[in-house]
Amino acid sequence: MNKEKVILEGIHYKTGRVIRLGIFNGLIFSITDINSLYRAAGSKRAKLPVIAPGLVDLQVNGYKGVDFNDRQLTPEQVEQASEELLKTGVTKYFPTLITGSKKKSSELLKTLAEASGGRGLSARMIGGIHIEGPFISKEEGPRGAHPKRYCINPDPELIEQWQAESGGMIRIITLAPELPGSEELIRAAVEMGMVVALGHTDADSASVRRAVEAGATLSTHLGNGCHPLLPRHPNYIWDQLAEDRLYASMIADGFHLPDAVLKVFGAVKGERAVLVSDSMTYAGLKPGLYDSPATGKVRLTEEGRLHLERNPKSLAGSAGNLLGGVGKMAGIAGFSHAWDMGSVNPSELLNQNNLHGLQVGAHADLVLLDPDLEHPSVRRVLPFYGNGYRRGRKPTRPPG
């Protein structure tokens, strides 16, 4: 299908105008405004889908019964999760491994590499692997639901080993910049083509600054994985929020961050604001008590809140998905900004050399939505799957 010429008509997700989109070889080669052909409130226009770039989720711990941190994970399960994520408008995602034993992480990396190296949906959807830990704070609060016994100081040699075992698939790494050896690891990771994120940290202002100067470019789920009480100022949330060189990811599931915080974070970061799901295996499942291989027993409430059973105040990831997060953020900051936070902005972070979104020359990773954008619903996802996330390749030029 990638080699076929496809013409689509629909409503541009940002402008609200009707466009005709030309696609060839997986690339957008033309965008024509045909708004004048449709009466503003006509029945033909009402049936058109909204055309938007595919969602890109940088942090997926699991989904719909599949746990990426279960050492029994199989490539077939990864494929199952990919199929379910695609239904929600996600065209690229990053399986996320949290803190665990070195052996377990090695095993899971190999499994994910096998899944992403095959011929199935996962090979086209997985943009890389996100390593969240074990180089994080052992402090209660910043550590979150990560097991303390496996938290260690940054180790560049271990990352090199894991990168080799994953076949070069590690693309994002989250660490605490105050730990000894963090700057060395940041430089080594950036040299290997990784995006380095700050998270689960008790960093002071100087540590945040040094990490950014060493090459860190992202804050992982800013406002979460931190102490319940902080000094008014300075603190590591303010420091990361004020650092213009850092993108900031945030979880908009209705539990991790209040609306006021989402509004401020989204406004301050602008085009560097990113939504992530942080979804766990229990996303999309029925409420109840579950036994997580990564964090122990967790409870999913009727309201959709996922927390540690032994400590109800401690969230254990999210039971939502990125589409739901976009819907939540849309009510706070407007639909187009919210959708960009879940699509264009993370794409720009991962590969600034490529074109992204709805523009000529960009990969046609597209989602067709029902017109009611107050409650975003996926009508169809187009299977073009751009490949510009792993090694930063520029796409071939579209036909003239």
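Only a predicted model underlies this, so the values are computations on that prediction, with no experimental measurement involved.

Student: Could you give an account of the sheet that holds strand β13 (residues 247-251), naming the residues involved and the relevant values?
Tutor: Two modes of strand pairing occur in sheets, parallel and antiparallel, and in both the strands are linked by backbone hydrogen bonds. Strand order in this open sheet of eight strands is β5-β8-β9-β10-β11-β12-β13-β14, and the pairing throughout is parallel. Edge positions in the sheet fall to β5 (55-60) and β14 (273-276), since each of these pairs with one other strand and no more. When β13 meets β14, the two strands line up parallel, connected through four bridges. Paired with Ser249 across the bridge in β14 is Val274. Helix α2 (residues 75-87) contacts β5 and β8 (90-98) of the sheet and is inclined by roughly 135 degrees relative to β8.

Student: An account of the side chain of Glu243 is requested, with residue identities and associated values reported.
Tutor: Considering the arrangement of structural elements, one finds Glu243 in the loop between α8 (236-242) and β13. Glu243 gets classed as buried once you look at its relative accessible area, which sits at 14%. In contact with Glu243, other than residues within four places in its own chain, are Val212 and Lys269.

Student: Tell me about unusual backbone geometry, residues and numbers included.
Tutor: With the exception of glycine, most residues fall at negative phi, and the peptide bonds are largely trans. With an omega of 15 degrees, the peptide bond between Gly133 and Pro134 qualifies as cis. You can see Pro134 is positioned in the loop between β9 (129-132) and α5 (156-165). Residue Pro234 is reached from His233 by a cis peptide bond, and omega for that bond is -5 degrees. Positive phi values are uncommon outside glycine, yet Asn25 reaches one of about 55 degrees. Of note, Asn25 is situated in the loop between β2 (18-24) and β3 (27-33). One non-glycine residue with positive phi stands out, namely His221, at about 30 degrees. Of note, His221 is situated in the loop between β12 (218-219) and α8.

Student: Please provide a residue-by-residue account of the packing of helix α3 (residues 102-116) against α5, values included.
Tutor: In the contact formed by α3 and α5, the axes pass within 8 Å of each other and the chain directions differ by 30 degrees. Overall, the two elements α3 and α5 adopt an arrangement that is roughly parallel. Each of Lys102, Ser105, Ser106, Leu109, Lys110 and Ala113 in α3 lies in contact with α5, whose residues at this interface are Leu158, Gln161, Trp162 and Glu165. When the residues that make up the contact of α3 with α5 are grouped by side-chain class, the tally is four nonpolar, three polar and three charged.

Student: A description of helix α11 (residues 335-342) should follow, citing residues and the corresponding values.
Tutor: Extensive coverage of α11 is indicated by the burial of six of its eight residues. Every buried residue belonging to α11 is among Phe335, Ala338, Trp339, Asp340, Met341 and Gly342, and all of these are buried.

Student: Hey, could you go over the layout of surface pockets for me, with residue numbers and the actual values?
Tutor: One number sums up the size of the largest pocket: a volume of about 700 Å³. Lining the largest pocket are 32 residues, with Gly141, Gly144, Ala145, Ser314 and Leu315 sitting closest to its centre. Grouping the amino acids of the lining of the largest pocket by side-chain chemistry returns 10 nonpolar, 15 polar and seven charged.

Reading guide: rules and limits
Residues numbered from 1 in each chain as written. Predicted model: local features only at pLDDT ≥ 70, side-chain atom pairs only at ≥ 80, totals over all residues. Heavy atoms only, no water. Pairing = 2+ DSSP bridges. Helix = DSSP H or I, 4+ residues; strand = E, 2+ residues; numbered from the N terminus. Contact = heavy atoms within 4.5 Å. Axes fitted to C-alpha atoms, helices over the stretch in contact; angles between N-to-C directions. Buried < 20%, exposed > 50% of the residue type's maximum accessible area, 1.4 Å probe, protein only. Parallel < 35°, antiparallel > 145°, perpendicular 65-115°, else oblique. Nonpolar A, V, L, I, M, F, W, Y, C, P; charged D, E, K, R; others polar. 1 Å grid on protein atoms, 1.4 Å probe; cavity = no way out; pocket = protein on both sides within 12 Å on 5 of 7 lines; lining within 4 Å. Points joined across faces, edges and corners; volume = space filled by probe spheres on them.

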